[in-house]
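Commentary on secondary and tertiary structure
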Amino acid sequence: MKRLLIVYHSRTGGSLQMAETVATAASSETKAFMVTADQATPSDLLDADGYIFCAPENLGTLSGLMKEFFDRCYYAVLGQIEGRPYAQMICAGSDGTGATRQLARIATGWRLKEIQPPLIICTHAQSPEAILAQKKLTNAQLSKCQALGQAMGAGLEMGVF
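The sections below set out a description of the structure shown in this document.

Throughout the structure, instances matching the rule amount to eight aromatic pairs. Between Phe 53 and Tyr 86, the aromatic rings sit 6.2 Å apart at their centres with planes inclined by 45°, giving tilted as the arrangement. Placement of Phe 53 in strand 3 (residues 50-58) and of Tyr 86 in strand 5 (residues 85-92) is noted, with a sequence separation of 33 residues between them. With relative accessibility at 1%, the residue Phe 53 sits in the buried group. Ring centres 4.8 Å apart and planes at 55° place the aromatic pair Phe 69 and Phe 70 in the tilted group.

In structure tokens:
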């Protein structure tokens, strides 16, 4: 069975809900495992056949802990994971595009293969109180994560990616 690594960071719960949903859906198709960004290692990346990266957008870029994961693991796996499929999910208060561009540039450096455009879930949190509040994503929002998980899991197992 193929292995799908879901690396995530969540500060207010939105990205965690997204990661859990994608992992549950992918598990019906392949072996999926979640690792927090601060605990993920180069070995986790090397042992996986595909990846889903999930993080919040903070101040227009990837969250610091997710960026630190990439900083810590980048050179340790460079040249060893080329061609593997990946997808990204961003939980954002506004548009999420800054974080997706940053993550896509890192994935390009690793020569990963993007399987779909970034999935951005927008919470529309704009005030300090709303930004810092725990998030509760809707079923409609989470259904997009579910579809991604099922597709990624099935695609890995069928050798589509």
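With respect to the helices and strands, Ala 133 occurs in the loop between helix 5 (128-132) and helix 6 (139-158). When the C-alpha atoms of Ala 133 and Arg 72 are compared, they prove to be 29 Å apart, with 61 residues separating the residues in sequence.

Bringing the packing of helix 1 (residues 14-27) against helix 6 into the picture now. For the pair helix 1 and helix 6, the least separation of the axes is 7 Å and the interaxial angle reads 40°. Classed by the angle they form, the pair helix 1 and helix 6 counts as oblique. In this structure, helix 1 meets helix 6 at a crossing whose hand is right-handed. For the pair helix 1 and helix 6, contact is made by Gln 17, Met 18, Thr 21, Val 22, Ala 25 and Ala 26 and by Leu 142, Cys 145, Gln 146, Leu 148, Gly 149, Gln 150 and Gly 153, respectively. Here the contact of helix 1 with helix 6 is built from residues that sort into seven nonpolar, six polar and no charged.

Take the side chain of Thr 30 next. Here Thr 30 lies in the loop between helix 1 and strand 2 (31-36). Of the residues examined, Thr 30 reaches a relative accessible area of 2% and is grouped as buried. In this structure the side chain of Thr 30 is engaged in a polar contact, spanning 2.7 Å, whose partner is the backbone oxygen of Lys 2. Setting aside residues no more than four positions away along its own chain, Thr 30 makes contact with Met 1, Lys 2, Arg 3, Leu 4, Gly 153 and Glu 157.

Once that is clear, we can look at the nonpolar core. In globular proteins that are soluble, nonpolar side chains generally tend to be buried together. Phe 53 and Phe 69 are the most contacted members of the largest nonpolar core, which has 28 residues in total. Listing elements by their share of this core, those giving two or more residues are strand 1 (3-8), strand 2, strand 3, helix 3 (64-77), strand 5 and helix 4 (97-110). When residues of this core are assigned to their parent elements, the largest contribution, six residues, is made by helix 3.

Let us look at the environment of Gln 116. Inspection of the secondary structure assignment puts Gln 116 in the loop between strand 6 (113-114) and strand 7 (119-122). Distance in space between the C-alpha atoms of Gln 116 and Leu 148 is 8.8 Å, their sequence separation being 32 residues.

As a further point, take unusual backbone geometry. One non-glycine residue with positive phi stands out, namely Leu 59, at about 55°. Position of Leu 59 relative to the elements: it lies in the loop between strand 3 and strand 4 (61-62). Taking the relative accessible area as the measure of exposure, Leu 59 reaches 90% and is therefore exposed. Phi is positive for His 124, which is not a glycine, with a value near 60°. The residue His 124 is located in the loop between strand 7 and helix 5 in this model.

About the criteria used
- Residues numbered from 1 in each chain as written.
- Predicted model: local features only at pLDDT ≥ 70, side-chain atom pairs only at ≥ 80, totals over all residues.
- Heavy atoms only, no water.
- Phe/Tyr/Trp six-rings, centres within 6.5 Å; stacked < 30°, edge-to-face > 60°.
- Helix = DSSP H or I, 4+ residues; strand = E, 2+ residues; numbered from the N terminus.
- Buried < 20%, exposed > 50% of the residue type's maximum accessible area, 1.4 Å probe, protein only.
- Axes fitted to C-alpha atoms, helices over the stretch in contact; angles between N-to-C directions.
- Parallel < 35°, antiparallel > 145°, perpendicular 65-115°, else oblique.
- Left-handed = near helix turned anticlockwise from the far one by under 90°.
- Contact = heavy atoms within 4.5 Å.
- Nonpolar A, V, L, I, M, F, W, Y, C, P; charged D, E, K, R; others polar.
- Polar contact = N/O pair within 3.5 Å; in protein donor to acceptor, adjacent residues only side chain to side chain.
- Core = buried A, V, L, I, M, F, W, Y, C linked by side-chain atoms within 4.5 Å.

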